[in-house]
Amino acid sequence: MQNLEPLIDAALKVRQQAYAPYSNFSVGAAVLTDDGSIFTGCNVENASYGLAICAERNAITSAIAAGKQNFVAIAVAATPLASPCGACRQFIFEFGDDIQVISVDAADPASRKQWTSKALLPDGFRLD
Ligand code: THU
């Protein structure tokens with residue numbers, strides 16, 4: 001596994017752009033592709049609360065729009081440390097079983113948890 005520190009730094013940095021006036025819970029995510037590219041996303045909330053989009057899904061959609069679909073890892077930064085929600089687990093799982101998912105506490109970046117996409121979503125849904 002390559003050095004994931006730049007990926008974690010990118011998640012911490014983009015978290016500062018979060019639009020989370022309703023929950024006040026800012027999240028940043030950064031996804032690493034197999035060619036070494038990094039794409040980022042933050043959570044974006046709405047006055048119609050259910051429309052909120054998570055940081056993880058925004059990072060992945062950004063990568064997809066750039067033509068990248070092979071993901072090695074995704075870092076998630078929040079405080080306290082947040083593991084991805086169920087919808088985001090399914091969204092990540094779509095792109096592979098062995099994507100490394102690293103959650104980091106933005107207030108204490110040495111505090112981390114790491115899983116594979118499959119471990120976060122056993123028997124995840126696929127159309128195949
Ligand atoms: N959120 C994320 O962006 N990612 C997660 O993994 C957990 C939750 C966002 C959604 C919402 O804007 C806020 O955090 C509180 O739920």
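Before reading further, recall that the structure is shown in the block above.
The sections below set out a description of the structure shown in this document. Every value quoted in this text rests on a predicted model; they were computed, and no experiment measured them.

1. A short note on the pairing of strand S5 (residues 108–116)
For strand S4 (residues 100–105) and S5, the ladder comprises six bridges, and the chain directions are antiparallel. The partner of Val-101 across the bridge, within S5, is Trp-115. Between the end of S4 and the start of S5, which pair antiparallel, lie two residues.

2. Structural notes on the packing of aromatic side chains
Each aromatic ring pair is described using two quantities: the centre-to-centre distance and the angle formed by the ring planes. Taken as a whole, this structure holds two aromatic pairs when the rule is applied. Each ring, one from Tyr-22 and one from Tyr-49, has its centre 5.4 Å from the other, and the planes form 45°; the classification is tilted. Of this pair, Tyr-22 sits in the loop between helix H1 (5–15) and strand S1 (28–33) while Tyr-49 sits in the loop between strand S2 (38–42) and helix H2 (55–65), and the two are 27 residues apart along the sequence. Judged by relative accessible area, which is 39%, Tyr-22 ranks as partly exposed. Between Phe-71 and Phe-95, the aromatic rings sit 5.2 Å apart at their centres with planes inclined by 70°, giving edge-to-face as the arrangement. Of the two residues, Phe-71 is situated in strand S3 (residues 71–78) and Phe-95 in the loop between helix H3 (86–93) and S4; the sequence distance between them amounts to 24 residues. The class of Phe-71 is buried, set by a relative accessible area of 8%. Given a relative accessible area of 27%, Phe-95 falls into the partly exposed group. Sitting over the ring of Phe-93, Arg-126 keeps its end group 3.9 Å from the ring centre.

Cut-offs used in this document
Residues numbered from 1 in each chain as written. Predicted model: local features only at pLDDT ≥ 70, side-chain atom pairs only at ≥ 80, totals over all residues. Heavy atoms only, no water. Pairing = 2+ DSSP bridges. Helix = DSSP H or I, 4+ residues; strand = E, 2+ residues; numbered from the N terminus. Phe/Tyr/Trp six-rings, centres within 6.5 Å; stacked < 30°, edge-to-face > 60°. Buried < 20%, exposed > 50% of the residue type's maximum accessible area, 1.4 Å probe, protein only. Lys NZ or Arg CZ within 6 Å of the ring centre and 35° of its normal.

So far we have only geometry, and geometry alone does not tell us how the molecule works.
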